[in-house]
Amino acid sequence: MSTLEELATAIIKGNIGVPAKSDELVQRALDEGIPVKEILEDGMIGGMGVIGERFKKCEVYVPEVLIAARAMKAAMAVLKPLLAESDIEPVGTVVIGTVKGDLHDIGKNLVAMMLEGAGFNVVDVGIDVAPEKFIEEAKKAGAHVVGMSALLTTTMPAMKTTIEAIKASDIGGKIKTIIGGAPVTQAYANEISADGFAPDAASAVDKVKELIAA
Ligand code: B1M
């Protein structure tokens, strides 16, 4: 198995039961002279992509995704300083948060991790995020997409308020929005004019890519 195949496998297995861990494999790949871009795309994003697909098909569940994301994070810690020096552009920038009044963040964190795993620059603005905060952070980051998560039927209207505030602001029309969370549906996204909806973290990556390409 090549070092990059080993790296992808270490991420898929969340560094459990593997002969070498993801951060060690990134270092080995660098020592072998493999370009940073290849390590990121073929080794790391490749591994996370496999987990995303398996998660979508319900072949793995939240714990497996979390441990894969942890292995991804360890690998990223080695690669990040070199990424800044290379000419690799992130696929896009996404500001993501849980809307005002809502403290649930497990699903939002998964979406953020999957997006990072897919090569996006992700600015996680946390929980209980007011519309003004989403706008301020999106401006600061030069975001392409704002992602909102809600787990309570009582906080879903905060998505509507946030989308209205974005549209009324000077970034309205320039930025896309995506919503998700257990009670959220495509019908609700249509109703509040969100640009996108995704039922799970892996689909959120596909949808954000689609929104940026549109
Ligand atoms: Co809360 N809670 N909770 N809770 N909680 C629910 C959501 C609830 C359904 C439980 C129930 O009654 N059966 C219920 C909501 C009922 C409703 O609104 N209809 C509920 C309630 C009522 C409450 C409180 C009001 C309870 C109380 O205090 N009386 C309170 C509210 C606090 C607040 O937010 N203001 C509360 C508190 C909490 C805890 C703090 C204890 C804890 C949260 C801890 C945390 O997040 N750090 C908690 C938890 C854990 C849950 C349950 C059990 C699990 C939620 C979860 O993490 N799921 C939940 C019951 C349940 O869902 N079975 C429940 C796993 C997660 C991976 O899934 O978030 O759906 P999910 O994310 C998925 C997709 O939805 C999607 O991708 C993710 C991965 O596939 N997705 C996106 C999510 N965000 C996305 C964004 C996207 C795209 C896709 O684009 C940007």
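Residues numbered from 1 in each chain as written. Predicted model: local features only at pLDDT ≥ 70, side-chain atom pairs only at ≥ 80, totals over all residues. Heavy atoms only, no water.

A. How the structure looks around the site of the ligand. With respect to spatial proximity, 27 residues lie near the ligand, and among them Leu103, His104, Asp105, Ser149 and Thr153 are the closest. Here a nitrogen atom of the ligand and a backbone polar atom of Gly101 are 3.0 Å apart. At a separation of 2.7 Å, a nitrogen atom of the ligand approaches a polar side-chain atom of Ser149. The set of elements that each furnish at least two residues to the shell around the ligand consists of α5 (106-117), β3 (145-149), β4 (176-180) and α9 (201-213). Considering every element that reaches the shell around the ligand, the biggest residue donor is α5, with 4 residues. (Near = heavy atom within 4 Å. Polar contact = N/O pair within 3.5 Å; in protein donor to acceptor, adjacent residues only side chain to side chain. Helix = DSSP H or I, 4+ residues; strand = E, 2+ residues; numbered from the N terminus.)

B. Representation of a nonpolar patch on the surface in the model. Together, Val62, Leu66 and Ile106 make up an exposed nonpolar region whose accessible area comes to about 240 Å². Turning to its location among the elements, Leu66 is positioned in helix α4 (residues 62-85). On the basis of relative accessible area, Leu66 is assigned to the partly exposed category, the value being 35%. (Patch = residues over 30% accessible without salt bridge, like charges linked within 9 Å, V, L, I, M, F, W, Y side chains within 5 Å. Areas by Shrake-Rupley, 256 points an atom, 1.4 Å probe, with all protein chains shown as cover. Salt bridge = Lys/Arg side-chain N within 4 Å of Asp/Glu carboxyl O. Buried < 20%, exposed > 50% of the residue type's maximum accessible area, 1.4 Å probe, protein only.)

C. Expanded view of the pattern of salt bridges. Under the definition given, this model contains 10 salt bridges. The partner of Glu53 in a salt bridge is Lys56, and the shortest N-O contact between them spans 3.4 Å. Here Glu53 and its partner Lys56 are both found in helix α3 (residues 36-56), 3 residues apart, which amounts to about one turn of the helix. When its relative accessible area of 29% is taken as the criterion, Lys56 is described as partly exposed. For the salt bridge of Lys108 with Asp124, the shortest nitrogen-to-oxygen distance reads 2.9 Å. Placement of the pair is Lys108 in helix α5 and Asp124 in strand β2 (residues 121-129), with a sequence separation of 16 residues. We classify Asp124 as partly exposed; its relative accessible area is 37%. Beyond isolated ion pairs, a larger network of salt bridges with shared partners links Glu53, Lys56 and Asp206.

D. Expanded view of the coordination of the cobalt atom of the ligand. The protein gives the cobalt atom of the ligand a lone donor atom, His104 (NE2), placed 2.2 Å from the metal. For His104, the position within the fold is in the loop between β1 (93-99) and α5. (Donors = N, O, S within 2.8 Å, 3.2 Å for Na, K, Ca; no water.)

E. Summary view of the nonpolar core. With 48 residues, the main nonpolar core has Leu7, Ile39, Leu40, Met44, Leu79, Met114 and Leu115 as its most contacted residues. Elements that contribute at least two residues to this core include exactly α1 (3-12), α2 (22-31), α3, α4, β1, α5 and α9. Considering every element that reaches this core, the biggest residue donor is α4, with 9 residues. Grouped together as the second largest cluster of nonpolar side chains are 25 residues, Val129, Ala158, Ile175 and Ala189 included. (Core = buried A, V, L, I, M, F, W, Y, C linked by side-chain atoms within 4.5 Å.)

F. Quick look at the sheet that holds β4. Ordered by their spatial adjacency, 5 strands build an open sheet running β2-β1-β3-β4-β5, and the pairing between neighbours is parallel. The outermost strands of the open sheet, each flanked by one partner alone, are β2 and β5 (196-197). Examined bridge by bridge, β3 and β4 share 5 bridges and lie parallel to one another. For Val146, the partnering residue across the bridge sits in β4 and is Thr177. Packed onto the sheet, α5 meets β1, β2 and β3 and runs at close to 170° relative to β2. (Pairing = 2+ DSSP bridges. Contact = heavy atoms within 4.5 Å. Axes fitted to C-alpha atoms, helices over the stretch in contact; angles between N-to-C directions.)

G. Highlighting α5. Over its 12 residues, α5 extends 16 Å from the first C-alpha to the last, a length consistent with the 16 Å expected when each residue adds 1.5 Å. All of the buried residues along α5 are Lys108, Leu110, Val111, Ala112, Met114, Leu115 and Gly117. Taken from the residues just after α5, Gly119 is the one with a positive phi, measuring 95°. (Expected span 1.5 Å × (residues − 1).)

H. Structural view of the packing of α2 against α3. Running from N to C, α2 and α3 point in directions that differ by 140°, and their axes come no closer than 10 Å. Overall, the two elements α2 and α3 adopt an arrangement that is oblique. Crossing of α2 against α3: the hand is right-handed. On the side of α2, the interface is formed by Val26, Ala29 and Leu30, while α3 contributes Val36, Ile39 and Met44. Its residues assigned to classes, the contact of α2 with α3 shows 6 nonpolar, no polar and no charged. (Parallel < 35°, antiparallel > 145°, perpendicular 65-115°, else oblique. Left-handed = near helix turned anticlockwise from the far one by under 90°. Nonpolar A, V, L, I, M, F, W, Y, C, P; charged D, E, K, R; others polar.)

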